[in-house]
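Letter by letter, the chains look like this.
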Amino acid sequence: MAGAGTWAGPWTAGPVGLPGALVCVRTVMDSNHHSNYKLTKTEKKFLRKQIKARHTLLRHEGVETVSYATQSLVVANGGLGNGVGRSQLLPALEKCGLVDSLLMPPNKPYSFVRYKTAEEARKAYVTLNGKEIVGDLGQKIILYLNFVEKAQWKELGLQALPPGLMVVEEIISSEDEKMLLESVNWAEDIDDQNVQKSLKHRRVKHFGYEFHYENNNVDKDKPLPGGLPDIWDSILEKWLKEGFIKHKPDQLTVNQYEPGHGIPAHIDTHSAFEDEIVSLSLGSEIVMDFKHPDGVTVPVMLPRRSLLVMTGESRYLWTHGITPRKFDTVQASKGHKGGIITSDVGDLTLSKRGIRTSFTFRKVRQTPCNCSYPLVCDSQTKQTSPSLPGSAREASQLEREHVHRVYEEIAGHFSSTRHTPWPRVVDFLKALPSGSLVADVGCGNGKYLGINQDLYMIGCDRSRSLADICGERRFQALVGDALAVPLRSGSCDACLSIAVIHHLATAERRVAALRELVRLLRPGGTALIYVWAMEQEYNKKKSKYLRENRVSQGKEQETDSDAAAVPVSLGGQVPDVGDQDAPCCVPAIPDCPGEGGNTSDVTDARLPVHTNRTSFHAQDLLVPWHHKGSPGKDKPVGAAGSAPGAVFHRYYHVFREGELEAACQTLSGVHLLQSYYDQGNWCVVLQKV
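The shown structure was predicted, so the numbers you read here are calculated from the model rather than taken from an experiment. (Residues numbered from 1 in each chain as written. Predicted model: local features only at pLDDT ≥ 70, side-chain atom pairs only at ≥ 80, totals over all residues. Heavy atoms only, no water.)

The next thing to look at is the overall build of the protein chain. When its secondary structure is counted, the protein chain shows 16 helices and 36 strands. For the protein chain, with 689 residues in total, the buried portion stands at 55%. The contacts of the protein chain with a sequence gap of at least 6 include a subset with a gap of at least 24, amounting to 73%. (Helix = DSSP H or I, 4+ residues; strand = E, 2+ residues; numbered from the N terminus. Buried < 20%, exposed > 50% of the residue type's maximum accessible area, 1.4 Å probe, protein only. Contact = heavy atoms within 4.5 Å.)

Next comes the structure, spelled out in structure tokens:
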């Protein structure tokens, strides 16, 4: 070993070349092939897949392969991130020789293996390339191997539990566990709404007060009859006496989780509960992720029959959640139980989840919260949501405060998440004739400005900081409003408007933005328009916004770059999907009526704050952006904006099915060429006649 997570040999890195792959294919197929051998369809397909895996590893992971034999191999598709555990992969590798080390990075769909000799590694390269194995989920997976000079993995270093977090193992006996599980009567009268509430994907019971998942709060004026079950009296008294808890809880939520279920990352509302959230895990172990606003994530193992106690910083500042999956990445070494899952990639494997029942206890707060985290405390920030606009002036003010100012503040962080073009937007641009002049209205950091080098593209964005970032990337971009683009009428062959028009606060302003795109087009020119869809589940299929559970942010919608469930060999583009991490600290407000949110009878209604990674329940809402890193370019922010984890709220109007087409039909001199749904967005292609 050359260092933590690094293998290095005595050689210098060589070029990634085609001959190695050809040698492999020919050797696997027939050792007697001559140099002028013509590849079969099967061999060509394998070769394409292997080259694609190699390019994907280099582009997305920085893993460089070499065309000559070394002791080390990268195994694409053979990783924890796509359901291949150490117990499945290691035996197959050991059949080819003595394995010195098997390195399996967490959440990555590849691994590294080092053999004692280069000859053993060559045997694995020949024998296992294209070999099908069965993963932990029963899925069939084809392995693609390539030689590497060295295998590097950035270790996270030693981690500590979040301050104020405690895991007490074996807090109760197995006999008490059985008794407590049997005490929960899931079959009782489902009409008794005081004590039982159901969620779509799990069984839930509430005692003392009903816990509202939409805002992580309770209604203090509506206690449930009966209080907590008597069976808990002696147990809670014991925990108090032994010092594990400070308050006797008066609220209990019981959740039963099947394998594959999870909990969205959240913080229980400050003003709702005292400084202590306690959870007992029965039936099965689980890995819970704790995330600090600066991006640090600490996975914590909660063993069966363990008690999790969150106080102080871990309760008020860190989000906690459980990723929905059927396997957890855990320590492979025996004897490891509760606490942090370390980043020792030589000691990680998969553990199959079982049915877990959690008993979460809280003490309802009767006075405002005065914690030490005022910037994220709803009692101390006194935030209020803006109202739906009743006039063009109010709409302009709403956009200025909750669109323009926000993107100016978060420009740097926002740009760092803009790296994956949406495939169908790319297809639109690549289909345009060479030499076309294209305006990207609302171009952000210029993600699409360099897609097709045969086009003349110019970007326009309301944020000066984002326009400056485009300039730094050597793209042409100017500062301008989507309602008044500073370009000559009829000058463009095509226009883009990707995830922009949903930021306009009235139906009239949204139509005006469409009309402005048409103004820019020459006769025969086309415009591609994307807006967020209210229907995040369409044709019985959930969008990636609902399915994915990774840390990300986005003006459009974005997925994290280390998409663990996507095999490396696929190497395709992953459509962006939206914000999903930390919860909002502003209590959610009841949904606003009306299709467009512009009628006079709702002008005093407050905009609800959306809970990330959930379905939309209102068309006009605020979507949180959890800021990380420095503020926008040359834009100092105030006390709230400069703090790590500052939350900004962006206004959105999410479109119902048919609404975008209906708005386009109000325009004169256009044809609607195409309309479709693409991963949580409604999309149209217009042509100017």
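Next, the rest of the story.
Ordered by their spatial adjacency, five strands build an open sheet running 2-8-3-5-4, and the pairing between neighbours is antiparallel. Each edge of the open sheet carries a strand with a single partner, namely strand 2 (65-66) and strand 4 (99-103). One ladder, built from four bridges, connects strand 4 with strand 5 (residues 110-115); its direction is antiparallel. Paired with Val99 across the two strands is Tyr115, which belongs to strand 5. Running at roughly 150 degrees to strand 4, helix 3 (residues 86-94) makes contact with strand 3 (72-76), strand 4 and strand 5 of the sheet. On top of the sheet, helix 4 (residues 118-128) reaches strand 3, strand 5 and strand 8 (144-148); it is set at about 155 degrees to strand 8, its chief contact. (Pairing = 2+ DSSP bridges. Axes fitted to C-alpha atoms, helices over the stretch in contact; angles between N-to-C directions.)

Helix length check: helix 9 (residues 392-409) (18 residues) gives 24 Å between terminal C-alpha atoms against 26 Å at 1.5 Å per residue, within 8%. In helix 9, a bend of some 40 degrees at Arg400 exceeds every other bend along the element. Turning to helix 9, its buried residues number three or more, namely Ala395, Leu398, Glu399, His402, Val403, Val406, Tyr407, Glu408 and Glu409. (Expected span 1.5 Å × (residues − 1). Bend = angle between axes of the 7 residues up to and from the residue.)

Moving on, we get to the sheet that holds strand 35 (residues 670-677). The strand order across the open sheet formed by seven strands is 28-27-26-29-30-36-35, and the pairing between neighbours is mixed. Two strands lie at the open edges of the sheet, namely strand 28 (477-479) and strand 35, each paired on one side alone. Averaged over all neighbouring strand pairs, the angle between strand axes comes to 15 degrees, with direction disregarded. Packing against the sheet, helix 11 (residues 423-430) makes contact with strand 26 (437-441), strand 27 (456-461), strand 29 (492-498), strand 30 (521-532), strand 35 and strand 36 (681-688), and its axis sits at approximately 175 degrees to strand 30. Against the sheet, helix 12 (residues 464-472) engages strand 27 and strand 28, with an angle of about 165 degrees to strand 28.

Residue placement: Glu177 occurs in helix 5 (residues 174-183). By relative accessible area, Glu177 is classed as buried at 3%.

Structurally, Glu659 is set in helix 16 (residues 659-665). Buried and unpaired, Glu659 has Arg510 as its nearest opposite-charge partner, separated by 4.5 Å. Side-chain polar atoms of Glu659 contact the side chain of His653, separated by 2.7 Å. Residues contacting Glu659, with those up to four places away along its chain left out, are Gln619, His653 and Val654. (Lys, Arg positive; Asp, Glu negative; His and termini not counted. Salt bridge = Lys/Arg side-chain N within 4 Å of Asp/Glu carboxyl O. Polar contact = N/O pair within 3.5 Å; in protein donor to acceptor, adjacent residues only side chain to side chain.)

A cluster of basic residues, Lys38, Lys41, Lys44, Lys45, Arg48, Lys49 and Lys52, forms a positive patch on the protein surface. With respect to the helices and strands, Lys38 occurs in the loop between helix 1 (18-29) and helix 2 (41-61). Judged by relative accessible area, Lys38 falls into the exposed class, the value being 69%. (Patch = residues over 30% accessible without salt bridge, like charges linked within 9 Å, V, L, I, M, F, W, Y side chains within 5 Å. Areas by Shrake-Rupley, 256 points an atom, 1.4 Å probe, with all protein chains shown as cover. Charge placed at Lys NZ, Arg CZ, Asp CG, Glu CD.)

Here strand 27 lies mainly inside the structure; five of its six residues are buried. By the bridge criterion, five bridges tie strand 26 to strand 27 in an arrangement that is parallel. If you follow Val438 over to strand 27, its bridge partner there is Met457. Note: strand 27 against strand 28, three bridges, orientation parallel. Looking at strand 28, one finds that Asp461 is bridged to Val479. Since strand 27 and strand 28 lie parallel, the crossover through helix 12 that links them has a hand, and here it is right-handed. (Right-handed = clockwise from strand over helix to strand, strands pointing away.)

This part is about the environment of Val99. Inspection of the secondary structure assignment puts Val99 in strand 4. Relative accessible area serves as the criterion here: at 17%, Val99 is assigned to the buried category. Val99 sits 17 residues away from Lys116 along the chain, and the two C-alpha atoms are 6.4 Å apart.

For helix 11, the full list of buried residues reads Val425, Val426, Phe428 and Leu429. On an axial view of helix 11, the arc spanned by its buried residues comes to 160 degrees, and they lie on one face. Pointing more than 90 degrees away from the buried face of helix 11 are the exposed residues Asp427 and Lys430. (Arc of directions from axis to C-beta.)

Looking now at the environment of Asp468. Looking at the secondary structure, you find Asp468 in helix 12. By relative accessible area, which is 31% here, Asp468 ends up partly exposed. For the pair Asp468 and Ala411, spaced 57 residues apart in sequence, the C-alpha separation works out to 9.8 Å.

Under the counting rule described, the total for this entry stands at 17 aromatic pairs. On the numbers, 4.9 Å between centres and 70 degrees between planes, the contact of Trp232 with Phe361 is edge-to-face. Of this pair, Trp232 sits in the loop between strand 14 (217-218) and helix 6 (233-241) while Phe361 is found in strand 25 (residues 356-364), placing the two residues 129 residues apart along the sequence. For Phe361, a relative accessible area of 1% gives the class buried. Among the aromatic side chains, those forming a connected cluster through ring pairs are Trp232, Trp239, Phe359 and Phe361. The ring of Tyr676 has Arg424 sitting right over it, with the charged end atom 3.7 Å from the ring centre. (Phe/Tyr/Trp six-rings, centres within 6.5 Å; stacked < 30°, edge-to-face > 60°. Lys NZ or Arg CZ within 6 Å of the ring centre and 35° of its normal.)

One pass over the structure, following the stated rule, counts 17 salt bridges. Residue Arg405 pairs with Glu401 through a salt bridge whose shortest N-O separation is 3.5 Å. With a gap of four residues between them, Arg405 and Glu401 both fall in helix 9, about one helical turn apart. Judged by its relative accessible area of 35%, Arg405 falls in the partly exposed class. Residue Glu401 is classed as partly exposed on the basis of its relative accessible area, which comes to 35%. Between Arg522 and Asp493 there is a salt bridge, and its shortest N-O distance comes to 2.5 Å. Linking Arg522 in strand 30 with Asp493 in strand 29, this pair joins segments that are 29 residues apart in sequence. Since its relative accessible area comes to 32%, Arg522 is described here as partly exposed. One network of salt bridges, in which partners are shared, links Glu170, Glu177, Arg304 and Arg305.

In this structure, Cys495, Ile501, Ile529 and Leu660 are the most contacted members of the largest nonpolar core, which totals 32 residues. For this core, the secondary-structure elements that each account for two or more residues are strand 26, strand 27, strand 29, helix 13 (507-520), strand 30, helix 16, strand 35 and strand 36. Examining the composition of this core, we find that six residues originate from one element, helix 13, more than from any other. The contacts of Ile529, once residues within four sequence positions are left out, are Ser497, Ile501, Leu514, Leu517, Leu660, Trp682, Cys683, Val684 and Leu686. Among the nonpolar cores identified, the runner-up in size contains 26 residues, and Leu466, Ala505, Trp532 and Ala646 belong to it. (Core = buried A, V, L, I, M, F, W, Y, C linked by side-chain atoms within 4.5 Å.)

Residue placement: Arg353 occurs in the loop between strand 24 (348-352) and strand 25. Taking the relative accessible area as the measure of exposure, Arg353 reaches 5% and is therefore buried. Those residues in contact with Arg353, other than ones at most four positions away along the chain, are Pro259, Gly260, His261, Ser284, Ile286, Val287, Ile322, Thr323, Pro324, Arg325, Lys326 and Asp328. In terms of polar contacts, Arg353 uses its side chain to reach the backbone carbonyl oxygen of Thr323, at 2.8 Å. At 2.9 Å, the side chain of Arg353 and the backbone oxygen of Arg325 are in polar contact.

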